[in-house]
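These are the residues of each chain, in order.
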Amino acid sequence: MSPSLSDDDPLTLALMPPPDETPEQRAVREAAEAEAKRVSDEIDEQIKRERENERRRKRPVKLLLLGQSESGKTATLKNFQLTYAKREWSEERASWRAVIFLNLVRNVNEVLEHMGAEMADLPYPRYPENESTEELPIRPVKTLPPLKFKEKHKQLRLRLGPIQQVQRELEQQLGAASTEIYSSAVTHPASFEPPTPSPRRAPHEFSINSSNGWKSALDKFRKGPGNRPEAPNGTNKVSKDVEEEIAEIIAGCREDIKALWDDPIIKEVLNRRKARIEDAPGFFLNDTDRIAVKSYMPTDDDVIRARLRTLGVQEYRFIFDHGRTVGQEWRLYDVGGTRSSRAAWYPYFDDVDAIIFLATTEWCLVSPFDEKLSEDRRVNRLEDSYLLWKSVCSCKLLARTQIILFLNKCDLLQAKLQRGIRIRDSVPSYHNRANDLPTATRYFQQHFKEIARQYSPSQRPFYVHLTSVIDTKSTAVTLGAVEESILREHLRRADLM
């Protein structure tokens with residue numbers, strides 16, 4: 001038989017009111033007990049909330065970056081790291097020095113290639129090397145008088161000869177170049193199925209193929225004890241002398257690089273051969289004065305603009321040390337944007353919290369012939385961007401996934417509009433509209449919004465931001481709004497699990 005409480009029980013006696021308690025004393029006692037219970041309940045509720053938050057934090061926020069090649073996915077990812085993982089960003093920044101050197105010498109070598117082709121009177125390029133021209137339109141040939149090269153141009157080629165070896169050395173140090181996959185087959189991107197591949201090297205492009213993207217390359221240039229590049233296991237993987245020798249060679253070519261880029265004959269060469277080097281990712285020729293010095297160290301903006309393309313799907317894990325989600329792990333997936341890479345996207349759709357889709361509106365301001373996909377010369381970039389957006393919106397697996405549209409490279413769009421290029425010349429449906437940035441961005445926003453409304457399995461909010469992801473300050477403001485929106489969706493999904 002279990003014991004029962006009695007008047008002799010110490011706990012019962014302690015809880016009993018005093019026998020001579022007055023009504024006033026009773027009111028005070030009951031108020032104190034009520035306050036004690038309120039405080040106790042608040043503590044219990046706080047503990048419950050903390051446990052719930054801890055449970056939610058265990059699941060990382062997963063964000064997928066989608067878009068065509070060169071749409072700004074990797075630059076967006078780097079902006080996330082700069083804004084929300086500042087310590088890790090600071091630790092990696094110096095390692096980007098070799099990548100920026102590579103970008104600069106690639107710029108120089110590309111100009112030299114065009115100059116050499118013009119000197120040899122070679123025909124203007126229309127297609128990638130070995131690309132079949134079957135069923136493709138023929139560009140009308142325009143007869144131009146030969147350019148009058150001078151002795152100084154020949155001397156520049158000779159003096160800048162070592163730059164080619166510097167490029168090869170940097171590519172070897174950063175990692176073996178990967179084979180890009182191209183296809184001549186016209187495949188609708190909605191299926192996310194790979195086209196029939198034919199391996200070819202991308203012209204003028206260096207890439208690495210790794211599971212963690214740029215980190216594999218940068219680890220070789222990380223500074224260990226004694227300011228020497230050191231691998232995670234403590235063994236020096238890249239000689240500091242090699243990096244410093246490269247910096248010295250580039251510094252020695254500084255004046256020649258500037259003379260090459262500023263030369264009016266070279267400007268005409270690039271114009272004739274339709275080489276828009278300054279609009280391409282990884283362009284640093286305008287920064288030669290600052291970069292081509294032995295003491296150069298990268299700035300934040302340099303790292304954002306640096307180009308080191310990786311193939312396949314790259315996963316980056318950041319513990320946010322700033323913003324609303326301090327201590328939260330975020331996993332960002334940067335995927336290859338070429339058509340042949342899109343088959344790898346689908347497995348990442350099932351549990352992703354949100355997708356940032358990058359589309360570049362400045363691609364509308366080029367002739368339909370000149371701006372084709374490098375992997376399929378039959379497809380216009382702008383049209384491919386619409387088709388890709390349609391396929392993402394219509395995917396049933398993503399029916400409840402938040403999709404955020406970045407209309408990127410608005411700075412390049414504005415620059416082209418200021419040069420007098422007319423949108424209606426490339427986009428016939430734009431007729432009778434003002435040729436300015438606000439009108440253009442409203443037009444493209446509406447077009448993407450209509451595609452989402454028409455093809456989404458169920459209606460969802462339309463989130464869009466006008467961006468220039470190489471502008472770190474404005475992008476940080478955009479990412480603040482994106483972080484809040486994604487976190488809200490992440491917590492909602494966590495409640496449903």
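Residues numbered from 1 in each chain as written. Predicted model: local features only at pLDDT ≥ 70, side-chain atom pairs only at ≥ 80, totals over all residues. Heavy atoms only, no water.

Enquirer: Would you explain the overall build of the chain in this entry?
Expert: From N to C terminus, the chain includes 17 helices and 12 strands. Here the chain holds 497 residues, and the buried ones make up 47% of them. A separation of at least 24 residues holds for 78% of the contacts in the chain among residues at least 6 apart in sequence. With the model as given, the accessible surface of the chain reaches about 25,400 Å², and the carbon-plus-sulfur share is 52%. (Helix = DSSP H or I, 4+ residues; strand = E, 2+ residues; numbered from the N terminus. Buried < 20%, exposed > 50% of the residue type's maximum accessible area, 1.4 Å probe, protein only. Contact = heavy atoms within 4.5 Å. Areas by Shrake-Rupley, 256 points an atom, 1.4 Å probe, with all protein chains shown as cover.)

Enquirer: I'm lost on the UniProt feature "binding site: GTP" (unreviewed entry) in the chain in this one. Help?
Expert: Following the UniProt record, the feature "binding site: GTP" (unreviewed entry) maps to N408, K409, C410 and D411 here. Its location among the elements puts N408 in strand β11 (residues 402-408). In contact with C410, not counting residues within four places along its chain, are L437, T441, L466 and T467. (UniProt positions renumbered as here; feature names shortened; annotations may be inferred.)

Enquirer: Help me out: how do you make sense of the pattern of salt bridges in this one?
Expert: Note that side chains of opposite charge can pair when their charged atoms are close. Applying the stated criterion to the full structure yields 30 salt bridges. A salt bridge links E484 to R324, with the nearest nitrogen and oxygen atoms 3.4 Å apart. Taken together, the residues E484 in helix α17 (residues 472-496) and R324 in the loop between β6 (313-319) and β7 (329-335) connect sequence positions 160 residues apart. On the accessibility criterion, E484 (37% relative accessible area) is partly exposed. Residue classification places R324 among the partly exposed positions, given a relative accessible area of 49%. (Salt bridge = Lys/Arg side-chain N within 4 Å of Asp/Glu carboxyl O.)

Enquirer: Any chance you could explain helix α16 (residues 437-455) here in plain terms?
Expert: Along an α-helix, residues three or four apart share an orientation, since each turn contains 3.6 residues. Along its 19 residues, α16 runs 27 Å from first to last C-alpha, staying within 8% of the 27 Å computed at 1.5 Å per residue. Listed as buried for α16 are T439, A440, T441, Y443, F444, F448, I451 and A452. Residues of α16 that are buried sit in contact with β8 (354-360), α14 (381-394), β11, α15 (410-418) and β12 (463-466). (Expected span 1.5 Å × (residues − 1).)

Enquirer: Help me understand the pairing of β7, please; the structure alone is not making it clear to me.
Expert: Side-chain direction in a regular strand flips from residue to residue, so the side chains alternate between the two faces of the sheet. For β7, a buried count of seven out of seven residues is recorded, marking the element as mostly surrounded by other parts of the structure. Here β7 shows two buried faces, one formed by E329, R331, Y333 and V335 and the other by W330, L332 and D334. Where strand β1 (residues 61-67) meets β7, five bridges bridge the pair, whose relative direction is parallel. Among the inter-strand pairings, K62 is bridged to a residue of β7, identified as R331. Two strands pair when backbone bridges link them, and β6 and β7 are joined in this way by seven bridges, in the antiparallel orientation. Each bridged residue has a counterpart across the sheet, and for I319 the counterpart in β7 is E329. (Pairing = 2+ DSSP bridges.)

Enquirer: Help me understand the sheet that holds β12 in this model?
Expert: Strands belonging to one sheet form pairs held by backbone hydrogen bonds; the direction of such a pair is parallel or antiparallel. Strand order in this open sheet of six strands is β6-β7-β1-β8-β11-β12, and the pairing throughout is mixed. Looking along the sheet, the strands with just one partner apiece sit at the ends: β6 and β12. Across this sheet, the average inter-strand angle for adjacent strands is 20 degrees, counted without regard to direction. This element, helix α3 (residues 73-84), spans β1, β6, β7, β8 and β11 of the sheet and lies at about 160 degrees to β7. (Axes fitted to C-alpha atoms, helices over the stretch in contact; angles between N-to-C directions.)

Enquirer: Looking at this model, I keep getting lost on the packing of aromatic side chains. Mind explaining?
Expert: What describes a pair of aromatic rings is the distance from one ring centre to the other and the angle between the planes of the rings. Across all of its chains, the model carries 12 aromatic pairs by this definition. Ring geometry for W261 and F283: centres 5.4 Å apart, planes at 55 degrees, overall tilted. Of this pair, W261 sits in helix α10 (residues 254-262) while F283 sits in the loop between α11 (264-272) and α12 (288-291), and the two are 22 residues apart along the sequence. The exposure class assigned to W261 is buried, which follows from its relative accessible area of 8%. Among the aromatic side chains, those forming a connected cluster through ring pairs are F357, Y386, W389, F448 and F462. Stacked on the ring of W261, the Lys or Arg K267 has its end atom at 3.6 Å from the ring centre. (Phe/Tyr/Trp six-rings, centres within 6.5 Å; stacked < 30°, edge-to-face > 60°. Lys NZ or Arg CZ within 6 Å of the ring centre and 35° of its normal.)

Enquirer: Help me understand the nonpolar core in this model?
Expert: Buried together is how nonpolar side chains tend to be arranged in soluble globular proteins. Ranked by internal contacts, the top residues of the largest apolar core, which has 63 residues, are L63, F80, L260 and I356. With residues up to four places along the chain from it excluded, the contact list for L63 reads F80, W330, R331, L332, Y333, V352, A354, I355, I356 and I486. Counting residues in each nonpolar core, the second largest holds 33 residues, with V313, W389, C395 and I403 among its members. (Core = buried A, V, L, I, M, F, W, Y, C linked by side-chain atoms within 4.5 Å.)

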